[in-house]
Amino acid sequence: MKAISIKMETSSITKLTAILFLIFASLFTLKSNAQISIGVSINANTNRAYTPQYRHVHTANCGHYEPVEYYYYPEIEAYFDSNASVYIYYTSNGWVRSRYLPSYCNHYDVRRGYRVALDYHGNRPYRYFEDHKRKYKVKKHYHSNGKHKGHKKH
């Protein structure tokens, strides 16, 4: 088999390089009103709680606010730890922390559901679960057509 070689003269390579350089240089120096913007957003879990809220502490005039650490969802009896971005819910093995809600909450939308910002600092908001359950009962106006307001439509 015979090798084929392509020979270009040095001057033609230089001319080609110079032409390409001028083309690219002119593209960057021309002013254009056209703008291109490309954005990529990947959200693996669309069923996440929203951004943290701030609650007022101390007296009405001091203006001291601090972020809410825990939210309670009475409709599904679960908590959300905003610092760790995990849900806390009860299973047969006890209280569990998970980045995702359990399978029985597949149709629950936390962005639309009823939630309560808790005044609790610590690691175990579920210590007061019975109090939270009694205090933040799911009321009739949180339901529509027999389904929780937070439930996604099928």
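Treat the numbers as computed from the prediction; the structure is a model and nothing was measured. (Residues numbered from 1 in each chain as written. Predicted model: local features only at pLDDT ≥ 70, side-chain atom pairs only at ≥ 80, totals over all residues. Heavy atoms only, no water.)

Q: Describe unusual backbone geometry, naming the residues involved and giving the relevant values.
A: The phi torsion at E77 lies on the positive side, around 50°, for a residue other than glycine. Within the secondary structure, E77 sits in the loop between β3 (70-73) and β4 (78-81). One non-glycine residue, S85, lies in positive phi territory at about 55°. Structurally, the position occupied by S85 is in the loop between β4 and β5 (86-91). A relative accessible area of 27% means that S85 is categorised as partly exposed. (Helix = DSSP H or I, 4+ residues; strand = E, 2+ residues; numbered from the N terminus. Buried < 20%, exposed > 50% of the residue type's maximum accessible area, 1.4 Å probe, protein only.)

Q: I'd like to hear about the side chain of S98, residue by residue, with values.
A: Inspection of the secondary structure assignment puts S98 in strand β6 (residues 94-98). Only 3.0 Å separates the side chain of S98 from the backbone oxygen of Y100, close enough to count as a polar contact. Ignoring anything within four residues of it in the chain, the contact list for S98 reads V86, Y87 and Y89. (Polar contact = N/O pair within 3.5 Å; in protein donor to acceptor, adjacent residues only side chain to side chain. Contact = heavy atoms within 4.5 Å.)

Q: Residue-level account of the confidence of the model for the protein chain, with values.
A: For the protein chain, the average pLDDT comes to 74, and 58% of its residues sit at 70 or higher. Looking at the elements of the protein chain, mean pLDDT is at its lowest for strand β8 (residues 143-144), recorded as 43, and at its highest for β6, recorded as 96. Across residues 41-46, where pLDDT falls below 50, the model places 3 contacts with residues more than four positions away in sequence or in other chains. In the model, residues 141-149 has pLDDT below 50 throughout and makes 13 contacts with residues more than four positions away in sequence or in other chains. (pLDDT = per-residue confidence, 0-100.)

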